[in-house]
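# Observations on the three-dimensional arrangement
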Amino acid sequence: MTVEQTFETGQGAPHGEPAEHRLSVSQAVAIPRIAIEDVSPVLDGGAWPVKSLPGRVHTVDAKVFTDGHDKLAVRLRWHKLGSDQWHGTPMKDMGNDSWQAQLSFDEVARHSFMIEAWRDDFATYRYELEKKYGAGVNVELELEEGRLHVAEAISRSEGEVRNRLQAVHDRFGQLDLDQRVGLMLEPATAHAMSEADSQPFLSRSPEYPVEVERKLAEFASWYELFPRSITNDPTRHGTFNDVHSRLPMVRDMGFDVLYFTPIHPIGRAHRKGRNNSLDAGPDDVGSPYAIGSPDGGHEAIHPQLGTREDFRNLVKAAADHGLEIALDFAIQCSQDHPWLQQHPGWFSWRPDGTIRYAENPPKKYQDIVNVDFYAKDAVPALWQELCEVIWGWVQEGVKIFRVDNPHTKPLPFWQWMIEEIRSRDPDVMFLAEAFTKPAMMARLGKVGYSQSYTYFTWRNTKAELQQYFTELNQPPWSLCYRPNFFVNTPDINPTFLHESGRPGFLIRAALATMGSGLWGMYSGFEICEAAPIPGKEEYLDSEKYEIRVRDFTQPGNIIAEIAQLNRIRRQNPALQTHLGTSFYNAFNDNILYFGKRTPDNENFILVAINLDPYNTQEAQFELPLWELGLDDHATVNGEDLMTGHRWTWHGKTQRTRLEPHMPFGIWRLEKIAV
């Protein structure tokens, strides 16, 4: 019996290991001889795409090694999915089996990369030749081996590479020993040989996906409003045409995404009254989240808002102001939704024939019923219908969707639907309105959501904020999750704002705008609206159930400060992402102090925020001079980006005083030109 037969039959297997778990010799020989391990950036072993932007540079790292002391050639390769055109670049040997290369993509699309490695016989030869020659060893035989390497490469190459190698071979015979050594060691010879390399023991890693989205996926300022409230009379329903009047102010505050709560017909059955009352009067407008009436469902427009042509005109007018319209996608229905009559098999019915409405005890949403994604009649018809609803609005010029409670719908649906939509138009983006457990929030990013709401709303202390920001900057979150720091929503009136007044609103605005490239605010934040339902993080007289008329110029507003914060973000690339946040020492637990900088240090921003809205806070803090390669006594320039004031700092230790009327400092740090 041969050795291979012994392995295949399992005879002689140690420790009684079952034969089916043993490798045959032929199987072992087929295993790659070169190991490629610890590749990054990779998410869950490559199961999900890493998020990226056009032009973003990723450092790709890997451990690559083999038996013995032979030299390896390691190459990074990448392509756009669906394309046969691959690109490649050599990876650099960083020592200790670590290899590294830079990777970036220009096109918004799904891409993938992989690493390939092979034994570089000519590099091994050159290393040994140089070593022996330098030690005074006779290298006549080694030079003949080199000539044979070149001759073999000529035989397997063609065109210009063959000509260069043939020239090397021809020169070889005309040179003395020292000159032949020089020829074999020339970089040009090595380059030509690498192009003709037979790549022995070629090994490849799996392909690792990367999702490249447009910059707005990571850097955007969102403004949320109810179109029906754009009116000067609480008894007159606002329209799309009325929203035109808000566009200049939203633009001038520096926002680039204008997000509407649902614009679809609102049901009458079980309509909610003011302050979430179960008894609606005849003039109560109801919740826009109770979608559907005889006028249509998710594909339709609420008649009081205007016509489809009015909507198209608004989308165009918004674009003229530098604004993109984002729509709310809420997969829920009023009991008047046409689907209940047309597709009853898409819903869950109770034994008595009534429909099960939405509940989140102790809250009850009698005006809303949910579809059943896995009902017999719902697969695949409901899934396809929802996908086509989104696609219909994309065709109307909408490329951004905020999705209501996506964590309560099946993950496989999102994975399929988002990929389907983005395969038709890769510019489409989805924001997850998910306040739930961390694993689910991360998974929504993995299955395709471009960005997400966050726990930021409930992080108030220095320790909480520092821990959360740090977490978002580390894998796996940094690879799959883009945080949108909404400071408030129609559903969330944060406790911190209830009594903190104008300083509290400034604090939260500074934290959001400086902490992430994505932030958002719901209309009313700029005039410091904060009246809560006692004991709850909800707005008194909630706009979800009534028309709210506002005076946006009323005293005490923070419109100018918001505009300046957004202007600072636009002018400083370091602030256009949540990534790259570093915390530095400020010796006061009420002052959060951090910095962001571009990789080249050309844009270096320091942010200090007084987290106490009631009192002035002071602290000594440290300038991170070491980040600029400077000693502790160096001199640098500073600029206050809120006021334009400039000065010179001397030394690492400095002091700041932050008062409630302006509770933060945003400073640009610059080396002094020599």
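The rules we used
Residues numbered from 1 in each chain as written. Predicted model: local features only at pLDDT ≥ 70, side-chain atom pairs only at ≥ 80, totals over all residues. Heavy atoms only, no water. Axes fitted to C-alpha atoms, helices over the stretch in contact; angles between N-to-C directions. Helix = DSSP H or I, 4+ residues; strand = E, 2+ residues; numbered from the N terminus. Parallel < 35°, antiparallel > 145°, perpendicular 65-115°, else oblique. Left-handed = near helix turned anticlockwise from the far one by under 90°. Contact = heavy atoms within 4.5 Å. Nonpolar A, V, L, I, M, F, W, Y, C, P; charged D, E, K, R; others polar. Buried < 20%, exposed > 50% of the residue type's maximum accessible area, 1.4 Å probe, protein only. Arc of directions from axis to C-beta. Disulfide = S-S within 2.5 Å. UniProt positions renumbered as here; feature names shortened; annotations may be inferred.

Next up on the list: the packing of helix H18 (residues 501–515) against helix H19 (residues 559–571). A pair of packed helices can be characterised by two numbers: the angle between their axes and the separation between those axes. It is the contact of H18 with H19, at a shortest axis distance of 10 Å, that shows an interaxial angle of 15 degrees. Put simply, H18 runs roughly parallel to H19. Like other packed secondary-structure pairs, H18 and H19 cross with a definite hand, here right-handed. Counting all contacts with H18, which are made through Arg 502, Leu 506, Ala 509, Ala 510, Thr 513 and Met 514, the residues of H19 involved are Glu 561, Leu 565, Asn 566, Ile 568 and Arg 569. Considered class by class, the residues forming the contact of H18 with H19 number six nonpolar, two polar and three charged.

Residues of helix H7 (residues 187–195) that are buried: Thr 189, Ala 192 and Met 193. Buried residues in H7, looked at end-on, bunch into an arc of 100 degrees, giving them a common side. Among the exposed residues of H7, those pointing more than 90 degrees away from its buried face are Pro 187 and Ala 188.

On to the state of the cysteines, then. The final tally for this structure, using the stated rule, is zero disulfides. For Cys 333, which is in no disulfide, the shortest distance to another cysteine sulfur is to Cys 387 and amounts to 17 Å.

The next thing to look at is the UniProt feature "site: Transition state stabilizer" (unreviewed entry) in the protein. On the UniProt side, "site: Transition state stabilizer" (unreviewed entry) is annotated at positions that read Asp 491 here. If you trace the backbone, Asp 491 turns up in the loop between strand S19 (484–486) and helix H17 (495–498). When residues no more than four places from it in sequence are discounted, the contact partners of Asp 491 are Glu 433, Glu 537, Glu 538 and Lys 544.

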